[in-house]
Amino acid sequence: MTDSRTAWGWGLASIDAAGNTLDVWYPTLQIGAAPAEASRPQHGFGALVHDEPDERGVRRVPVFTTSAIDDAITDTADAYLRLHLLSLRLALPNTLNLEGIFAALNNVVWTNYGPFAVADFAQRKIDVLGAQSGLHADVNVLSIDKFPRMVDYVVPSGVRIGNADRIRLGAHLAEGTTVMHEGFVNFNAGTLGTSMVEGRISQGVVVGDGSDIGGGASIMGTLSGGGKHKVSIGEHSLLGANSGIGISLGDHCVVEAGLYVTAGTKVTIYDKAKIAAHEALDVVKGAELSGRDHILFIRNSVSGAIEARSRNTGIALNAQLHAN
C-alpha cells in the first residue's frame, strides 16, 4: 500500500464459474490503516459462505479488502468497497479516486436470486428453477448492468426511496432525503442534506441542504461526453419541473419549469436601473453565472430571452415530509 488514505473491511464476494467476481457486499467498513492479518476481526458471514458453486454456478467467499482510496482502483473488490463507502456515508461524492471503475466491474444479470453471470444465464436459470421444482418460483431479471441497486447492499437511515431500482450503489443520500418514484441518483452523486429528488442527479453531481430537484428535471454529469465540469447545486435552491442545468447553482437559486441552462446559453442580466435609463442590458454566457447565489433563471414570455434576475430568498421544503 502507499501512504494514501486507506479503507478496509470484510466482504462477501460472489464468484462465477469462470472465476470472475460478480459482486462484493461489505456490511461494514472502516477508514484508516488496516490491521495486521493476525489481529483482523472475524468476518462473521457464517453459513452465508459457500465454497462450492450453487445452482447459479456461483461461490460465495469472504474477502478481506484494503483500498488506497486516492489511488486508481485495482480490482472488483476494491471497486465495490469504494461504492460502499459512498452509500454508507463514509465518503462524500468526488472525494474518492474512481479511475478504472468501469473496467473493474463485470456486467451482471441482477435477479431476485442474486447475481448471475451473463454468459451462461439461460442454463443457470434452468438449474435454479429445477432446484425449486413445485414451488412455482421464477427467476426475475431486475437489470443487466455493471452497477446493482443500492438498497440490496446499503439501506441508509433517514431516507425515503419511492423506486429502489433508480438508486445505484455508490449513491450518497444524506439524512432527510426523499427520492420520489421518478427520481434517479447515479453513483458518486447525491445529496448533502435534507432534499427532495424528483428528477435526475447524474454522476458527480451533489445537491445541497434544503434543495429540490423537480419532477423530470435533469442535471448534466461528466459521463458520455458531458465535459469535465462537476455540476453542483447549493442550499435552498430549486430546479423546476422538466428544467435542466449544465452549470452549477449557488445558494437560493431557482430555474423555472421547462428551462434548460447550459454553459453556452446566452443569458440576459435583468437590471431595472438600466431598463429605466433605456440602456442595453448585459448578455453573458451561462458559464459566467455558474455557482453564483440568489439568481432566478427565467424565460421572458414576451421576448423569449433567457434572463437572470436577482432573488433574495431561498425555497423552504416541507419539514414534515422530510422527517424520515
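No experiment lies behind these values; they were computed from the predicted model shown.

1. Re the overall build of the chain
Counting its regular elements, the chain contains four helices and 26 strands. Across its three principal directions, the C-alpha atoms of the chain cover 80 × 50 × 40 Å. The burial tally for the chain puts 44% of its 324 residues in the buried class. In the chain, the share of contacts with a sequence separation of at least 24, taken over all contacts with a separation of at least 6, comes to 48%. Of the roughly 15,200 Å² of accessible surface on the chain, 51% is carried by carbon and sulfur atoms. Between the averaged position of the 25 positive side-chain charges in the chain and that of its 33 negative side-chain charges there is a distance of 5 Å.

2. Structural notes on the layout of surface pockets
Here the largest pocket is characterised by a volume of approximately 350 Å³. D23, G114, P115, D152 and Y153 are, among the 18 residues lining the largest pocket, the residues nearest its centre. Secondary structure elements with two or more residues in the lining of the largest pocket: β1 (6-15), β2 (21-25), β5 (108-111), β6 (114-117) and β7 (141-145). When its residues are assigned to classes, the lining of the largest pocket shows eight nonpolar, five polar and five charged.

3. Topic: the UniProt feature "binding site: Mg(2+) 1" (unreviewed entry) in the chain
Within this numbering scheme, the UniProt entry marks D165 as carrying the feature "binding site: Mg(2+) 1" (unreviewed entry). Checked against the element boundaries, D165 lands in the loop between β8 (160-161) and β9 (171-172). Judged by its relative accessible area of 47%, D165 falls in the partly exposed class. Among the polar contacts listed, one links the side chain of D165 to the side chain of R149, at a separation of 2.9 Å.

4. Quick look at the UniProt feature "active site" (unreviewed entry) in the chain
When the UniProt feature table is mapped to this numbering, "active site" (unreviewed entry) covers E198. Mapped onto the elements of the fold, E198 is located in the loop between β13 (196-197) and β14 (200-201). Other than its neighbours up to four places away in sequence, E198 contacts M180, E182, G183, D212, I213, G214, G215 and G216.

5. A few points about unusual backbone geometry
Phi at H252 takes a positive value of approximately 60 degrees, unusual for a residue other than glycine. Among the structural elements, H252 can be located in the loop between β20 (244-245) and β21 (254-255). Residue classification places H252 among the partly exposed positions, given a relative accessible area of 22%. Here the phi dihedral of H294 falls at roughly 60 degrees; this positive angle occurs in a residue that is not glycine. Inspection of the secondary structure puts H294 in the loop between β24 (283-285) and β25 (295-299).

6. What about helix α1 (residues 76-87)?
With 12 residues, α1 extends 17 Å from end C-alpha to end C-alpha; this agrees with the ideal 16 Å at 1.5 Å per step. When you tally the buried positions in α1, you get 12 out of 12 residues, the bulk of the element. Within α1 the residues assigned to the buried category are T76, A77, D78, A79, Y80, L81, R82, L83, H84, L85, L86 and S87. Phi for R89, located one or two positions after α1, is positive at around 65 degrees.

Calculation criteria
Residues numbered from 1 in each chain as written. Predicted model: local features only at pLDDT ≥ 70, side-chain atom pairs only at ≥ 80, totals over all residues. Heavy atoms only, no water. Helix = DSSP H or I, 4+ residues; strand = E, 2+ residues; numbered from the N terminus. Buried < 20%, exposed > 50% of the residue type's maximum accessible area, 1.4 Å probe, protein only. Contact = heavy atoms within 4.5 Å. Areas by Shrake-Rupley, 256 points an atom, 1.4 Å probe, with all protein chains shown as cover. Lys, Arg positive; Asp, Glu negative; His and termini not counted. Charge placed at Lys NZ, Arg CZ, Asp CG, Glu CD. 1 Å grid on protein atoms, 1.4 Å probe; cavity = no way out; pocket = protein on both sides within 12 Å on 5 of 7 lines; lining within 4 Å. Points joined across faces, edges and corners; volume = space filled by probe spheres on them. Nonpolar A, V, L, I, M, F, W, Y, C, P; charged D, E, K, R; others polar. UniProt positions renumbered as here; feature names shortened; annotations may be inferred. Polar contact = N/O pair within 3.5 Å; in protein donor to acceptor, adjacent residues only side chain to side chain. Expected span 1.5 Å × (residues − 1).

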